[in-house]
Amino acid sequence: MKILVLMLLLFIPTSVAFFDQPPLNCTNVLAFIKVLVPAENRHILLAQWRTFLNSRLKNNIITMEQYDARKDEILEAKRIIIDLENKGYKGNEIISITYLRCSV
């Protein structure tokens, strides 16, 4: 059984190539999670990030691809946090679980 799981993990990167979107940068998602988890009001922080990204895009500091990548990473971090909180995890447990998930 363990061998089957290892074989599956070996072929995941090649199976991801069939999708149009590249895999999200786990390092950036983890960084966003580390900031979002202890935040008192995530919605305000997310709105500030959105405003920051929009202003950088309008001023041609970043490209549309960079904007989309950061937006996707932030949304992925938010989704991971919500999923883990719904399962009963809190605070540093969420960061630890995400760190383990990213290191695999």
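Everything numeric in this text was worked out from a predicted model, so none of it was measured. (Residues numbered from 1 in each chain as written. Predicted model: local features only at pLDDT ≥ 70, side-chain atom pairs only at ≥ 80, totals over all residues. Heavy atoms only, no water.)

### Re the packing of helix α2 (residues 26–36) against helix α5 (residues 92–103)
A packed helix pair is summarised by two numbers, namely the angle formed by the two axes and the spacing between the axes.
Part 1 of the argument: Interaxial distance between α2 and α5 falls to 10 Å at its minimum, and their mutual angle equals 180°. In terms of orientation, α2 and α5 fall into the roughly antiparallel class. From α2, Cys 26, Leu 30, Ile 33 and Lys 34 reach across to α5, where they touch Ile 94, Ile 95, Thr 98, Tyr 99 and Cys 102.
Part 2 of the argument: Residues of the contact of α2 with α5, tallied by class, amount to seven nonpolar, one polar and one charged. (Axes fitted to C-alpha atoms, helices over the stretch in contact; angles between N-to-C directions. Helix = DSSP H or I, 4+ residues; strand = E, 2+ residues; numbered from the N terminus. Parallel < 35°, antiparallel > 145°, perpendicular 65-115°, else oblique. Contact = heavy atoms within 4.5 Å. Nonpolar A, V, L, I, M, F, W, Y, C, P; charged D, E, K, R; others polar.)

### Topic: the pattern of salt bridges
Part 1 of the argument: If you walk through the whole model with that rule in mind, you get four salt bridges.
Part 2 of the argument: With a closest N to O distance of 2.8 Å, Arg 70 and Glu 73 form a salt bridge. Here the residue Arg 70 and the residue Glu 73 both occupy positions in helix α4 (residues 64–86), the gap between them amounting to three residues, near one helical turn.
Part 3 of the argument: For Arg 70, a relative accessible area of 28% corresponds to the partly exposed category.
Part 4 of the argument: Residue Glu 73 is classed as buried on the basis of its relative accessible area, which comes to 3%.
Part 5 of the argument: Several salt bridges converge on common partners, so that one network encompasses Glu 76, Arg 79 and Asp 83. (Salt bridge = Lys/Arg side-chain N within 4 Å of Asp/Glu carboxyl O. Buried < 20%, exposed > 50% of the residue type's maximum accessible area, 1.4 Å probe, protein only.)

### Section: the nonpolar core
Part 1 of the argument: Core analysis: the largest hydrophobic core is formed by 18 residues, its most contacted members being Ile 33, Leu 36 and Trp 49.
Part 2 of the argument: When contributions to this core are tallied by element, the ones reaching two or more residues are α2, α3 (42–58), α4 and α5.
Part 3 of the argument: The element best represented in this core is α4, accounting for six residues.
Part 4 of the argument: When neighbours within four sequence positions are excluded, Ile 33 is seen to be in contact with Pro 38, Ala 77, Ile 80, Ile 81, Ile 94, Ile 95 and Thr 98. (Core = buried A, V, L, I, M, F, W, Y, C linked by side-chain atoms within 4.5 Å.)

### Notes on the environment of Arg 56
Part 1 of the argument: Topologically, Arg 56 is positioned in helix α3.
Part 2 of the argument: Beyond its immediate sequence surroundings of up to four residues, Arg 56 is in contact with Ile 61 and Ile 62.

### Let's talk about α4
Part 1 of the argument: In this model α4 runs 33 Å from its N-terminal to its C-terminal C-alpha over 23 residues, within 8% of the 33 Å that 1.5 Å per residue would give.
Part 2 of the argument: For α4, the set of buried residues is Tyr 67, Glu 73, Ile 74, Ala 77, Ile 80, Ile 81 and Leu 84.
Part 3 of the argument: Those residues of α4 that are buried are in contact with α2, α3 and α5.
Part 4 of the argument: Gly 88 lies just past α4 and shows a positive phi near 105°. (Expected span 1.5 Å × (residues − 1).)

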